[in-house]
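Residue-level listing of the chains:
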Amino acid sequence: MPDDPVARLGNTHRRMEEELRALEVAARAGDRQGLDLSLDFFASAAKRHHEDEEASLFPRLRGDAGLVPLLDALAAEHRQHEAARREIEELVRGNADAEAIAASVTRFVAMLRAHIEREDRELLPAAERALDAETREAVANEMRERRRAR
């Protein structure tokens, strides 16, 4: 399937990892513009990625009772990521010292890397097994529509 939603989610994880590296570099260098660019990415693309998972993928996987604890945990982590991103934004906007920003970035990066690794290891393989072609197409359509609406 050319626009496979599971592959697209995995590709977004790779893009997020790239942006996490850029965020770390910007924090170490005290590069406020670089911080802003990375934070903008996480406020838009990463947020949309979470919406793809929570609105389109997770509901289709909830039929497997064994996955429900994982799905609930991942959704809760999404809220934690958003709070951590906002914390960094507030520090940057408030002209906090570089050490405080770097410490907040370090926490955010560690949190997100662990989350991505868990999704790659547990969520995406479960989705690969569970979703038939028709369901994948429906998820892909919802993801496309979500992007068109923005």
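Placed above this text is the structure.
Below, the structure is looked at part by part. (Residues numbered from 1 in each chain as written. Predicted model: local features only at pLDDT ≥ 70, side-chain atom pairs only at ≥ 80, totals over all residues. Heavy atoms only, no water.)

### Quick notes on the environment of His13
For clarity, the cut-off: The way it works is that DSSP assigns letters per residue, a run of H or I at least four long becomes a helix, a run of E at least two long becomes a strand, and they are numbered from the N terminus. Burial classification: accessible surface area is computed with a 1.4 Å probe over protein chains only, and a residue below 20% of its type maximum counts as buried, one above 50% as exposed, and the rest as partly exposed. Note on definitions: a residue-residue contact is assigned when non-hydrogen atoms from the two residues lie within 4.5 Å.
The residue His13 is located in helix α1 (residues 5–29) in this model. Look at His13 and you get buried, because its relative accessible area is 0%. Note: C-alpha distance between His13 and Asp52 (39 residues apart in sequence) is 13 Å. If we skip the residues at most four places from it in the chain, His13 touches His49, Glu53, Ile116, Glu119, Asp120 and Leu124.

### Describing the packing of aromatic side chains
The cut-off we apply is this: Aromatic rings from Phe, Tyr and Trp, taking only the six-membered ring of Trp, are treated as a pair when their centres fall within 6.5 Å; an angle between ring planes under 30 degrees marks them as stacked, one over 60 as edge-to-face, and anything in between as tilted.
Following the criterion strictly, the structure yields two aromatic pairs and no others. When the ring of Phe41 is compared with that of Phe42, the centres are 5.1 Å apart and the planes differ by 85 degrees; the resulting orientation is edge-to-face. For the pair shown, Phe41 and Phe42 are each scored as buried. On the basis of an interplanar angle of 85 degrees and a centroid distance of 5.3 Å, the ring pair of Phe42 and Phe108 is categorised as edge-to-face.

### A word on the packing of α1 against helix α4 (residues 98–130)
Rules: Where helices are involved, their axes are fitted lines through C-alpha atoms of the stretch in contact, as for all axes, and angles between N-to-C directions lie from 0 to 180°. Oblique is the label for any angle not under 35 degrees, not over 145, and not in the 65 to 115 range, which are roughly parallel, roughly antiparallel and roughly perpendicular in turn. We call a crossing left-handed when the near helix sits turned anticlockwise from the far one by less than a right angle, and right-handed when that turn is clockwise. Residues are grouped as follows: Ala, Val, Leu, Ile, Met, Phe, Trp, Tyr, Cys and Pro are nonpolar; Asp, Glu, Lys and Arg are charged; all remaining types, including Gly, are polar.
At a closest axis distance of 10 Å, the pairing of α1 and α4 adopts a crossing angle of 165 degrees. Taken as axis vectors, α1 and α4 run roughly antiparallel relative to one another. Relative to α4, α1 is oriented so that their crossing is left-handed. In contact with Val6, Leu9, Gly10, His13, Arg14, Met16, Glu17, Leu20, Arg21, Leu23, Glu24 and Ala27 of α1, α4 contributes Ala102, Val105, Phe108, Val109, Leu112, Arg113, Ile116, Glu119, Asp120, Leu124, Ala127 and Glu128. Across the contact of α1 with α4, the residue classes tally to 14 nonpolar, two polar and eight charged.

### What to know about the packing of α1 against helix α5 (residues 133–148)
Running from amino to carboxyl end, α1 crosses α5 at an angle of 50 degrees, the nearest separation of the two axes being 9 Å. By the angle class used here, α1 and α5 are oblique. Seen from α1, the contacting residues are Pro5, Val6, Arg8 and Leu9; seen from α5, they are Arg136, Val139, Ala140, Met143, Arg144 and Arg147. When the residues that make up the contact of α1 with α5 are grouped by side-chain class, the tally is six nonpolar, no polar and four charged.

### Notes on the nonpolar core
The cut-off we apply is this: Here, nonpolar core means buried Ala, Val, Leu, Ile, Met, Phe, Trp, Tyr and Cys residues that are tied together by side-chain atoms lying within 4.5 Å of each other.
In this structure, Leu23, Leu35, Phe42, Val105 and Phe108 are the most contacted members of the largest nonpolar core, which totals 21 residues. Secondary-structure elements contributing two or more residues to this core are α1, α2 (32–61), α3 (68–93) and α4. Apart from residues no more than four positions distant in its own chain, Leu35 is found in contact with Leu23, Ala26, Ala27, Val92, Ile101 and Val105.

### What to know about the environment of Arg121
In plain terms, the rule: N or O atoms within 3.5 Å of each other form a polar contact, as long as, within protein, one can give a hydrogen and the other can take it, and as long as residues adjacent in sequence are counted only when both atoms are side-chain atoms.
With respect to the secondary-structure elements, Arg121 resides in helix α4. Residues Arg121 and Val92 lie 29 residues apart in sequence; the distance between their C-alpha atoms is 33 Å. At 2.3 Å, the side chain of Arg121 and the side chain of Glu117 are in polar contact.

### Some thoughts on the pattern of salt bridges
Here is the rule we go by: Within this document, salt bridges are pairs made up of a side-chain nitrogen of Lys or Arg and a carboxyl oxygen of Asp or Glu, the two lying within 4 Å of each other.
In the structure shown here, the tally under the stated rule is 25 salt bridges. For Glu89, the salt bridge identified is with Arg85, shortest N-O distance 2.5 Å. Remark: Arg85 and Glu89 occur in helix α3; sequence separation between them is four residues, near one turn of the helix. Note on accessibility: Glu89 and Arg85 belong to one class, buried. What emerges from the salt-bridge pattern is a single network uniting Glu77, Glu117, Arg118, Arg121 and Glu122.

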